[in-house]
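Tertiary structure, described
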Amino acid sequence: MKAWEKNIRKVTPYVPGEQPKNTGIIKLNTNENPYPPAPGVLEALKKTDVDLLRRYPDPTASALTEAIAEFYGVESDQVFVGVGSDDVLAMAFLTCFHSDKPILFPDITYSFYDVWAGLFRIPYEVQPLDEKFCICAEDYQKECGGIVFPNPNAPTGILKSLDEVEEIICLHPDVIVIVDEAYIDFGGASALPLLKKYDHLLIAQTFSKSRSMAGMRIGFLLGNQELIRYINDCKYSFNSYTMNQTVITLGVEAIRDRAYFEQCRRTIIETREWAKGEFHGLGFEFADSAANFVFVTHPDYPAKEMFEALKEAGIYVRHFSGPKRISNYLRITIGTREEMEALFAFLKQYMSKDWSM
Ligand SMILES: *Cc1c(COP(=O)(O)O)cnc(C)c1O
């Protein structure tokens, strides 16, 4: 070790899903939306005034926060926007989890939570999911410095009802509870109505999944004005200009088109429900998913081998080799009907071969 290395902040970074360079593959590994962004996004992109790029953007991204506030029926100072929900969640961790007591989150969940906790030196304690992969409210009763969990959870896709979410929120009025709703638009009830009741609640959402804008990087928090102000103070102490001019303009177009959004998510939900039947037919086992992915396992075919065979065939899905409990599972994003048909065609062929030979 070099002398200076002992003064370096050492962290274990998050490992994102693979973004292969080759085209013509079927990409079901990072929960992207298979449909293009709202038509207005392309129109606005064509009209982009390059001269605007010479100037600094609006540091408050007010056009975007106002459009989001309007969509969700909240005040614009209840909205905090950032570079994907990864950015807003990181800022929320930094601002809200400033306690000596450990924050709590599930053992199997979005694998960025422990990374941010590590980066910001936030003590944490993971709470194991039960044998059915469910988050148990009782596990979160203990004293803590905050709570964060996704609803629906990732990578399981399991949704908690609004009552169950509220059960966890009301356990600890003295710390911030973050509900990460990255997948809520695919069939769940958002905790949004609870904001009026609980000022220690923070909701995180993203344009990456239900609004087909993963490449644009837009995420946002909804919370009470005071809490959002604290988060803004931290943001302005770090980087005032997180949202660039183009992102602001295109983000506004994406959120304004409610009809396109509704149609898109309805199609994905329909494809998912049909796909569940196909997976069952092939002998896969999985908990009921309310997200744009399913988390499947098969009693006869090891996940790792299927993952490799699928990849070989140009079909990318996600396999988590880390935690033992989920190493025999695959997380498969819901693509278009055609992409899913290609997936099932491959799986049928794969399973018809005798692999014991
Ligand atoms: C995808 C995802 C995010 C982050 O999405 P961004 O692209 O950064 O907006 C956050 N939480 C969960 C649970 C996710 O799956």
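Reading the values: the criteria
- Residues numbered from 1 in each chain as written.
- Predicted model: local features only at pLDDT ≥ 70, side-chain atom pairs only at ≥ 80, totals over all residues.
- Heavy atoms only, no water.
- Phe/Tyr/Trp six-rings, centres within 6.5 Å; stacked < 30°, edge-to-face > 60°.
- Helix = DSSP H or I, 4+ residues; strand = E, 2+ residues; numbered from the N terminus.
- Lys NZ or Arg CZ within 6 Å of the ring centre and 35° of its normal.
- Near = heavy atom within 4 Å.
- Polar contact = N/O pair within 3.5 Å; in protein donor to acceptor, adjacent residues only side chain to side chain.
- 1 Å grid on protein atoms, 1.4 Å probe; cavity = no way out; pocket = protein on both sides within 12 Å on 5 of 7 lines; lining within 4 Å.
- Sits in = over half its atoms within 2 Å of the grid points.
- Nonpolar A, V, L, I, M, F, W, Y, C, P; charged D, E, K, R; others polar.
- Pairing = 2+ DSSP bridges.
- Axes fitted to C-alpha atoms, helices over the stretch in contact; angles between N-to-C directions.
- Contact = heavy atoms within 4.5 Å.

1. What about the packing of aromatic side chains?
- For the structure shown, the criterion picks out 27 aromatic pairs.
- Pairing F207 with F220 gives two aromatic rings, centres 5.9 Å apart and planes at 90 degrees, and the pair type is edge-to-face. Highlighted residues: F207 in the loop between strand 7 (201-206) and strand 8 (219-222) and F220 in strand 8, separated in sequence by 13 residues.
- Members of the aromatic cluster, connected to one another through ring pairs, are Y14, F93, F97, F105, Y110, F112, Y113, W116 and Y124.
- Note that R211 overlies the ring of F261, its terminal NZ or CZ placed 3.9 Å from the centroid.

2. With respect to the site of the ligand
- Lining the immediate surroundings of the ligand are G84, S85, D86, Y110, D180, A182, Y183, T206, S208, K209 and R217.
- Interatomic distance of 2.7 Å between a side-chain N/O atom of D180 and a nitrogen atom of the ligand.
- A majority-of-atoms criterion places the ligand in the largest pocket.
- No other element matches helix 3 (residues 84-96), which puts three residues into the shell around the ligand.
- Residues belonging to the shell around the ligand are distributed by class as follows: three nonpolar, four polar and four charged.

3. Notes on the sheet that holds strand 8
- Here we have seven strands laid out as an open sheet, ordered 2-8-7-6-5-3-4, and mixed in their pairing. What marks the edges here is a single partner per strand, and that holds for strand 2 (79-82) and strand 4 (124-127). For this sheet, the mean angle separating the axes of adjacent strands, direction not counted, is 20 degrees.
- Across four bridges, the pairing between strand 2 and strand 8 is antiparallel. Bridging from a neighbouring strand, F80 pairs with L221 of strand 8.
- Sitting on the sheet, helix 2 (residues 62-72) touches strand 2, strand 7 and strand 8, and the angle it makes with strand 2 is about 130 degrees.

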